[in-house]
Amino acid sequence: GAGVSQSPRYKVAKRGQDVALRCDPISGHVSLFWYQQALGQGPEFLTYFQNEAQLDKSGLPSDRFFAERPEGSVSTLKIQRTQQEDSAVYLCASSRPPSYEQYFGPGTRLTVT
Amino acid sequence: DQQVKQNSPSLSVQEGRISILNCDYTNSMFDYFLWYKKYPAEGPTFLISISSIKDKNEDGRFTVFLNKSAKHLSLHIVPSQPGDSAVYFCAASDDAGTYKYIFGTGTRLKVLA
């Protein structure tokens, strides 16, 4: 596709529900990143994939957060037993080394009620 | 502890004048810096970058200046246009080729026609 796409664009979940957020990176981009952006803040790194390998998950805030990219293209960020503090915009980005430039998707706005 | 700081949450500038957006950082190991622009309901888009071996990088109306001794960088937009109205994030990384960017909290620029 022309850019990084994410779905759904908006998600409302009741506290305790599980959610799954999808990211379709730019075709051919081996690197994929997930960020969390709270209101009034900049994006914060969550996790990084190179192809299907999750090389860094140091930013995931708790073991309720899980990300996968089984075939090295589409990625899913799953949040189990959502809490109100999980409310944020979740951004996905992809890149193709050796370029530093990360191309961001439009994000999924998650609201936990 | 905020390693990348954008102390001005907002800035208003008249069309045609210069916009100067500032960013300070605390980690002296940061050696690559980027500016991203974000419109509402869209993901951040890459604008311009600078490596620590340079003190200036220019791309059309956009120039980034880096002062390593002061741990300060700035983005100059000349002349400013109404379409430049957006939130601007600076980001930094501490390893050439690394993927993990630390973002500032953003500055909302409004260019007045």
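Here, every reference points to the structure presented above.
Just so it is clear, the model here is predicted, and its values are computed rather than measured.

The next subject is the environment of L110 of chain A. Residue and element names in this part refer to chain A. Within the element layout of this structure, L110 appears in strand β11 (residues 108–112). Relative accessible area serves as the criterion here: at 2%, L110 is assigned to the buried category. Residues L110 and D86, spaced 24 residues apart in sequence, show a C-alpha to C-alpha distance of 7.5 Å. Sequence-distant contacts of L110, defined by excluding residues within four places in its chain, comprise K11, A13, V19, I79, D86, S87, A88 and Y90.

So, about the pairing of strand β9 (residues 88–95) of chain A. Residue and element names in this part refer to chain A. Extensive coverage of β9 is indicated by the burial of 8 of its 8 residues. Of the two faces of β9, the one lined by A88, Y90, C92 and S94 and the one lined by V89, L91, A93 and S95 are each fully buried. Relative to β9, strand β4 (residues 31–37) runs antiparallel, the two being bridged by 7 bridges. Directly across from L32, in β9, lies its bridge partner S94. Here β9 runs beside β11; their pairing, made up of 3 bridges, is antiparallel.

Turning our eyes to something else, we now look at the state of the cysteines. Residues and elements named next belong to chain A. The full count for this structure, using the stated rule, is 2 disulfides over all chains. Between C23 and C92 runs a disulfide, and the two sulfur atoms are separated by 1.8 Å. Across the S-S bond of C23 and C92 the torsion is about -65°, and the bridge reads as left-handed. Linking C23 in strand β3 (residues 19–24) with C92 in strand β9, this pair joins segments that are 69 residues apart in sequence. In this pair, the class of C23 matches that of C92, namely buried.

Calculation rules
For every chain, the first residue of its written sequence is number 1, and the numbers climb from 1 along that sequence. By the order in which they are written, chains take letters starting at A while ligands take numbers starting at 1. A pLDDT threshold of at least 70 governs which residues receive local features in this predicted model, and a stricter bar of 80 or more applies before side-chain atom pairs are shown or counted, although totals over entire chains, interfaces and linings include all residues. Just so you know, side-chain values use all the structure's heavy atoms and leave hydrogens and water out. Only DSSP runs of H or I covering at least 4 residues are called helices, and only runs of E covering at least 2 are called strands; the numbering of each starts at the N terminus. The buried label goes to any residue with under 20% of its type's maximum accessible area, the exposed label to any with over 50%, and the partly exposed label to all in between, with areas taken from a 1.4 Å probe on protein chains only. By definition in these notes, contact holds between two residues if any of their heavy atoms fall within 4.5 Å. Pairing between strands is defined by DSSP: at least two bridges between them are needed. Note on terminology: pairs of cysteine sulfur atoms within 2.5 Å are recorded as disulfides.

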